[in-house]
Amino acid sequence: MAMSLEERVRSAVAALLHASAESQTDLAAVLGVSQAQVSRRQSGAAAWSLTDCEVVAAHYGIDVLELLAGPTRATEALPASRRRPLGRQVGTHRPAAVEGGVR
């Protein structure tokens with residue numbers, strides 16, 4: 001079953017927030033609304049307007065059609081400069097040997 005347009009927008013916004021390491025509070029400031037209003041839109045209790053979609057797309061530097069297409073297209077279109085910095089990969093740090101055995 002295909003996602004509805006509303007579900008695609010909510011999923012795309014969630015994916016963009018994650019990919020950019022931004023919070024709902026950050027996005028709310030861009031939109032000029034409260035974090036609670038963004039939360040309501042993300043939960044489906046309120047709808048994202050077309051104006052909201054244009055503002056969100058412009059904020060992330062993507063075309064509004066990529067936002068409407070869903071999370072995969074939206075995050076693929078996200079410019080590298082907007083992506084969260086890559087951190088240290090888990091499992092790559094090895095502690096130095098301690099003289100006299102293991103602590």
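Here, every reference points to the structure presented above.
Model, not experiment: these values are computed from the prediction.

Quick word on the packing of aromatic side chains
And then number 1: For the coordinates displayed, the defined rule picks out 0 aromatic pairs.
And then number 2: When the ring centre of Trp 48 is taken as reference, the NZ or CZ atom of Arg 41 above it lies at 5.6 Å.

A word on helix H4 (residues 50-60)
And then number 1: Of the positions making up H4, those classed as buried are Asp 52, Cys 53, Val 56, Ala 57 and Tyr 60. For H4, the angular spread of the buried residues around the axis is 130°, confining them to a single face. For H4, the exposed residues set more than 90 degrees away from the buried face come down to Thr 51 and Ala 58.
And then number 2: For H4, the secondary structure elements touched by its buried residues are helix H1 (5-20), helix H2 (24-31), helix H3 (35-43) and helix H5 (64-69).
And then number 3: Positioned one or two residues after H4, Gly 61 has a phi angle of 75°, which is positive.

As for H2
And then number 1: All of the buried residues along H2 are Leu 27, Ala 28 and Leu 31. Considered in projection along H2, the buried side chains sweep an arc of 105° and stay on one side of the axis.
And then number 2: Residues of H2 that are buried in the fold lie against H1, H3 and H4.

Cut-offs used in this document
Residues numbered from 1 in each chain as written. Predicted model: local features only at pLDDT ≥ 70, side-chain atom pairs only at ≥ 80, totals over all residues. Heavy atoms only, no water. Phe/Tyr/Trp six-rings, centres within 6.5 Å; stacked < 30°, edge-to-face > 60°. Lys NZ or Arg CZ within 6 Å of the ring centre and 35° of its normal. Buried < 20%, exposed > 50% of the residue type's maximum accessible area, 1.4 Å probe, protein only. Helix = DSSP H or I, 4+ residues; strand = E, 2+ residues; numbered from the N terminus. Arc of directions from axis to C-beta. Contact = heavy atoms within 4.5 Å.

Remember that the coordinates give geometry; whether it matters functionally is a separate question.
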